[in-house]
Amino acid sequence: MFHVLAADSIKEEGLQPLLEQNGVQVHIGSVDSGIIDLQKIDALLVRSATKVTQELLDLMPSLKIIGRAGVGVDNIDIAEATKRGIIVVNAPDGNTISTAEHTFAMMSALMRNIPQAHSTVKNGEWKRNKFIGNELYGKILGIIGLGRIGSELAKRAKAFGMSVKVYDPFLTKERAAVLGVQLSSFDEVLAETDIISVHTPLTKETKGLLNEKTLSQTKKGVYLLNCARGGIIDEMALAHFIENGHVAGAALDVFEVEPPENHPLLKFDSVIATPHLGASTKEAQLNVATQVASEIRTFFENNPVANSINLPAMSKEIYEKIQPYHQLAKEMGKIVSECHNKGISELTATYSGTAAELETTFLTKALLAGFFENRIDMKVNEVNAIHIAKERGIMVGEKVTGNSYGYANTITVTASGDGESFTVRGTYIDHYGPRIVNLDGFNIDFHPSGNLLYIQHMDRPGVIGHVGKVLGDHDVNIATMQVGRKEAGGEAIMVLSFDKPLSIEMISKLESLQDIVTINSIVL
Ligand SMILES: NC(=O)c1ccc[n+]([C@@H]2O[C@H](COP(=O)([O-])OP(=O)(O)OC[C@H]3O[C@@H](n4cnc5c(N)ncnc54)[C@H](O)[C@@H]3O)[C@@H](O)[C@H]2O)c1
Ligand SMILES: O=C(O)CC[C@@H](O)C(=O)O
């Protein structure tokens with residue numbers, strides 16, 4: 001008999017897939033309700049209230065799977081669960097429509113002063129002149145991050161006669177055309193739109209994406225929306241721009257710290273807010289509960305789950321054999337993603353030599369996990385990598401070749417989209433380790449780890465010296481350096497490694513040097 005504990009008032013109707021399964025007993029109640037001996041629990045279902053910590057996991061030695069009825073898993077100690085071989089699943093798209101609708105409702109409410117007008121009427125006032133609003137029709141909506149929710153918002157905005165400009169560095173022109181939105185640069189979205197809505201995950205790249213500098217690039221009178229994650233818009237900078245009248249108003253469903261206490265933004269009449277209600281509809285809650293309950297049922301039936309966000313269990317013997325190649329593939333995925341910082345529609349992995357004798361599908365999935373790591377708002381691993389690629393319209397190919405370029409094995413990854421492509425080749429050398437041996441056609445040789453800079457430059461005398469001098473003048477120590485070129489006087493590359501990551505300012509200084517073409521920072 002499998003025992004499932006459904007905590008956090010998960011919608012009971014959604015538990016049907018488990019309630020109707022033979023050999024499964026569902027217990028409904030919080031983890032401290034005493035409804036069942038925690039030692040017996042095989043599966044735990046939670047929303048965001050239950051904190052699944054190491055201490056709680058200690059009390060559940062039989063736990064095999066945790067289901068999060070929602071997207072964010074910040075209340076679950078994933079590392080600890082993974083270490084214990086516990087699979088964690090979530091429901092990534094069950095609340096997409098609800099969150100897009102909530103964002104649209106917030107935008108309408110913001111433009112027509114609905115919450116403000118509502119409270120005056122409730123207070124017995126009738127101030128029609130105070131609440132002159134703006135039509136959505138004919139306005140330009142800027143969407144930053146066109147994933148599941150951003151795409152649904154775009155469809156609704158277009159139906160209301162708005163035009164939509166989108167910034168998403170990982171979106172191809174083809175996909176933008178299918179969705180009928182105008183793919184734009186970040187600066188264009190800032191400067192040319194009337195309303196800006198953010199829909200990215202919160203990552204190191206998106207934290208404070210809208211800040212003092214970028215907000216100053218927006219149109220005077222712009223409106224801002226955040227129904228994604230607190231922190232994507234810098235809250236203090238937003239308060240400053242509302243105070244000085246540059247930003248006309250903001251609608252916020254999320255905050256850096258929730259609930260917000262004595263928050264300066266809440267003091268402005270032009271800021272409207274909801275308490276993280278994006279996913280709070282009967283439909284979304286039923287969807288997410290049904291999705292995770294079905295996943296747990298699938299797991300009990302010994303079938304692979306679709307939305308696991310941590311590593312699946314694997315026999316120790318197989319893992320040890322494949323592990324070095326697995327690590328190399330994952331790092332190569334990250335390298336492709338960072339060096340070719342563009343939308344892609346196709347990714348092909350080619351294996352040769354001893355790498356081709358392994359379970360290459362598993363390696364390709366590891367590669368995709370590395371590729372998506374900094375691009376999307378969920379953990380991608382070997383369980384869900386192919387599904388995610390398909391969902392994003394990326395065709396994944398796998399080939400085997402007899403050409404090992406003189407090595408015992410190679411893994412070659414080519415990413416392409418919008419008529420451009422990028423290739424990286426790596427090898428694993430026994431007793432020596434992983435090496436990257438070709439980057440975008442340049443022969444090179446470096447260890448894929450640590451803080452790296454990939455610099456494309458013209459092959460002219462003095463370029464390497466200038467880079468070294470700027471770094472030296474700022475007391476930055478170069479740990480290793482590799483150079484490569486195709487022909488004298490043409491394009492060339494450098495790969496430098498450092499003991500710690502370089503600041504954005506430092507990278508800008510290097511970018512401004514003569515004969516430098518592009519610089520990409522890679523943290524492995
Ligand atoms: N308010 C709520 O209750 C609620 C509910 C569900 C989801 N969310 C949040 O909404 C956000 C979007 O969720 P989703 O399901 O659409 O995610 P998603 O992964 O489908 O989409 C995220 C998109 O952001 C893009 N992106 C990544 N980095 C970017 C960058 N630096 N600049 C521009 N675009 C970038 C990605 O390419 C992707 O298209 C997430 O932050 C999620 O946590 C909030
Ligand atoms: O309401 C919830 O459970 C959280 C909603 C959302 O932020 C999520 O991560 O899915």
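In this text, all values refer to a predicted model and were calculated from it rather than measured experimentally.

Peer 1: What's the story with the site of ligand 2 in this structure? I'm lost.
Peer 2: Around ligand 2, the surrounding shell consists of Arg47, Arg68, Gly70, Val71, Gly72, Asn95, Arg229, His276 and Ala279. Residue arginine 68 places a side-chain N or O atom 3.5 Å away from an oxygen atom belonging to ligand 2. The separation between an oxygen atom of ligand 2 and a polar side-chain atom of asparagine 95 is 3.0 Å. In isolation ligand 2 has 300 Å² of accessible area, and contact with the protein removes 88% of it. Here the residues of the shell around ligand 2 are counted per class, giving two nonpolar, four polar and three charged.

Peer 1: Got a minute to help me understand the side chain of histidine 3 in this structure?
Peer 2: By secondary structure assignment, the location of histidine 3 is in strand S1 (residues 2–6). Residue histidine 3 is classed as buried on the basis of its relative accessible area of 14%. A polar contact of 2.9 Å, which involves the side chain of histidine 3, links it to the side chain of histidine 27. When residues no more than four places from it in sequence are discounted, the contact partners of histidine 3 are Gln25, His27, Ile36, Lys40, Ile41, Asp42 and Ala43.

Peer 1: Teacher, can you tell me more about the pairing of S1 here?
Peer 2: Consecutive side chains along a regular strand alternate between the two faces of the sheet. Judged by how many residues are buried, S1 sits mostly within the fold: four of five residues are covered. Note that S1 and strand S2 (residues 24–28) share five bridges and pair parallel. From the neighbouring strand, leucine 5 faces S2, where its bridge partner is histidine 27. Sheet topology places S1 next to strand S3 (residues 43–46); three bridges connect them, and they run parallel. Each residue of the ladder has a partner; that of leucine 5, found in S3, is leucine 44.

Peer 1: Looking at this structure, I do not really get the sheet that holds strand S15 (residues 409–417). What am I missing?
Peer 2: Pairing between the strands of a sheet is mediated by backbone hydrogen bonds and can be parallel or antiparallel. If you trace the six strands from one edge of the open sheet to the other, you get S14-S13-S15-S16-S17-S18, paired in mixed fashion. Single-partner strands in this sheet number two, and they are strand S14 (395–401) and strand S18 (442–446). On average, each strand axis in the sheet is tilted by 20° relative to the strand beside it, whichever way the strands run. Looking at chain direction, S15 and strand S16 (residues 420–429) are connected through seven bridges and run antiparallel. The residue of S16 that forms the bridge with threonine 414 is threonine 423. This element, helix H13 (residues 360–372), spans strand S13 (346–353), S14 and S15 of the sheet and lies at about 135° to S13.

Peer 1: I would appreciate a short explanation of the confidence of the model for the protein in the present structure.
Peer 2: Interpreting fine coordinate detail is not advised for predicted regions of low pLDDT. Residue-level pLDDT values for the protein average 93, and 97% of them are 70 or greater. Both scores are given for the predicted complex: the pTM is 0.72, the ipTM 0.99.

Peer 1: Would you take a moment to explain the site of ligand 1 for this structure?
Peer 2: The immediate surroundings of ligand 1 are formed by 27 residues, with Arg148, Ile149, Asp168, Thr200 and Asp253 found nearest. Between threonine 200 and ligand 1, the recorded distance is 2.8 Å, taken from a backbone N or O atom to an oxygen atom. Within the side chain of arginine 229, one N or O atom sits 3.5 Å away from an oxygen atom of ligand 1. Compared with its free state, where it exposes 870 Å², ligand 1 has 96% of that area covered by protein. Of the residues assigned to the shell around ligand 1, the class counts are 11 nonpolar, nine polar and seven charged.

Peer 1: What's the story with the packing of aromatic side chains in this structure? I'm lost.
Peer 2: The geometry of an aromatic ring pair comes down to the distance between the two centres and the angle between the two planes. Taken as a whole and judged by the stated rule, the model has seven aromatic pairs. Between tyrosine 167 and phenylalanine 186, the ring centres sit 5.2 Å apart and the planes meet at 40°, which makes this aromatic pair tilted. In this pair, tyrosine 167 sits in strand S7 (residues 163–167) while phenylalanine 186 sits in helix H8 (residues 186–192), placing the two residues 19 residues apart along the sequence. Each residue in the set Phe2, Phe299 and Phe300 is aromatic and connected to the rest through ring pairs, giving one cluster. One cation-aromatic arrangement involves arginine 425 over tyrosine 405; the distance from NZ or CZ to the ring centre is 3.7 Å.

Peer 1: Honestly, the UniProt feature "domain: ACT" (unreviewed entry) in the protein in this entry has me stumped. Any pointers?
Peer 2: Feature annotation in UniProt places "domain: ACT" (unreviewed entry) on residues 452–524, given in this structure's numbering. Annotated as residues 452–524, this span is 26% helix and 42% strand, and its ends, taken at the C-alpha atoms, are 8 Å apart.

Peer 1: What exactly am I supposed to notice about the nonpolar core here?
Peer 2: Grouped together as the largest cluster of nonpolar side chains are 43 residues, with contacts concentrated most on Phe372, Val424 and Leu439. A per-element tally of this core places helix H12 (residues 316–339) first, with eight residues. Mapped onto the domain boundaries, this core takes at least three residues apiece from domain 3 (314–446) and domain 4 (450–524). With sequence-adjacent residues up to four places away left out, phenylalanine 372 is seen in contact with Val380, Ala385, Ile388, Ala389, Arg392 and Ile394.

Rules of the game
Counting restarts for each chain, with residues numbered from 1 along the sequence as it is written. Key to labels: chains lettered from A, ligands numbered from 1, both in the order written. Thresholds applied to this predicted model are a pLDDT of at least 70 for local features of residues and 80 or more for the giving and counting of side-chain atom pairs; totals over whole chains, interfaces and linings are not thresholded and use all residues. Remark: hydrogens and water are excluded; side-chain values derive from all non-hydrogen atoms of the structure. Residues are labelled near a given molecule or strand when at least one of their non-hydrogen atoms is within 4 Å of it. Polar contacts here mean pairs of N or O atoms no more than 3.5 Å apart (in protein, one a potential hydrogen donor and the other a potential acceptor; neighbouring residues in sequence count only if both atoms are side-chain atoms). For every accessible area listed, the method is Shrake-Rupley and the probe measures 1.4 Å; residues are considered covered only by the protein chains on display. Polarity classes work like this: nonpolar for Ala, Val, Leu, Ile, Met, Phe, Trp, Tyr, Cys and Pro, charged for Asp, Glu, Lys and Arg, and polar for all others, with Gly in that last group. Numbered from the N terminus, helices here are DSSP runs of H or I no shorter than four residues, and strands are runs of E no shorter than two. Exposure is judged per residue with a 1.4 Å probe applied to protein chains only, and the accessible area is read against the type maximum: over 50% gives exposed, under 20% gives buried, and values in between give partly exposed. Contacts between residues were defined by any pair of non-hydrogen atoms, one from each residue, lying within 4.5 Å. Two strands are counted as paired when DSSP detects at least two bridges linking them. Lines fitted to the C-alpha atoms define the axes, with helices restricted to the stretch that makes contact. Angles between their N-to-C directions range from 0 to 180 degrees. Confidence of the predictor in every single residue is expressed as pLDDT, which spans 0 to 100. For Phe, Tyr and Trp, where Trp contributes only its six-membered ring, two rings pair if their centres lie within 6.5 Å, and the inter-plane angle classes them as stacked under 30 degrees, edge-to-face over 60, or tilted in between. Whether a charge sits over a ring depends on NZ of Lys or CZ of Arg being within 6 Å of the ring centre and within 35 degrees of the ring normal. UniProt positions are given in the numbering used here, feature names are shortened, and annotations may be inferred rather than shown by experiment. For this analysis, a nonpolar core means a set of buried residues of the types Ala, Val, Leu, Ile, Met, Phe, Trp, Tyr and Cys, connected via side-chain atoms within 4.5 Å. Residue ranges labeled as domains rest on an automatic or database domain assignment.

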